[in-house]
Amino acid sequence: MDILDLPLPDWAQITELEYEPWNRERLVADTAGRRPEDSPAPLVEAVLAADRG
């Protein structure tokens, strides 16, 4: 859903954006081969584990 009165960028504006690579830890949620109802539990556990440090 678009935000009312917020103009969307065109492709030229997007390609002109400066790219900054992600250089920190990240959480990847790979749900391939899982049923939708089985996907949230491992993700929640990973977030909780990351929070515990």
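Small disclaimer: the values here were computed from a predicted structure and weren't measured. (Residues numbered from 1 in each chain as written. Predicted model: local features only at pLDDT ≥ 70, side-chain atom pairs only at ≥ 80, totals over all residues. Heavy atoms only, no water.)

1. Digging into helix H2 (residues 40-52)
Spanning 13 residues, H2 covers 18 Å between terminal C-alpha atoms, matching the ideal 18 Å at 1.5 Å per step. At the exit of H2 stands Gly 53, carrying a positive phi of roughly 85°. (Helix = DSSP H or I, 4+ residues; strand = E, 2+ residues; numbered from the N terminus. Expected span 1.5 Å × (residues − 1).)

2. Examining a nonpolar patch on the surface
On the surface, a cluster of nonpolar side chains totalling about 380 Å² of accessible area is made up of Trp 11, Ile 14 and Leu 17. Examined against the element boundaries, Trp 11 turns out to sit in helix H1 (residues 11-15). Residue Trp 11 is classed as exposed on the basis of its relative accessible area, which comes to 64%. (Patch = residues over 30% accessible without salt bridge, like charges linked within 9 Å, V, L, I, M, F, W, Y side chains within 5 Å. Areas by Shrake-Rupley, 256 points an atom, 1.4 Å probe, with all protein chains shown as cover. Salt bridge = Lys/Arg side-chain N within 4 Å of Asp/Glu carboxyl O. Buried < 20%, exposed > 50% of the residue type's maximum accessible area, 1.4 Å probe, protein only.)

3. Some details on the packing of aromatic side chains
Taken as a whole, this structure holds zero aromatic pairs when the rule is applied. Directly above the aromatic system of Trp 22 lies the positively charged group of Arg 24, at a separation of 4.4 Å from the ring centroid. (Phe/Tyr/Trp six-rings, centres within 6.5 Å; stacked < 30°, edge-to-face > 60°. Lys NZ or Arg CZ within 6 Å of the ring centre and 35° of its normal.)

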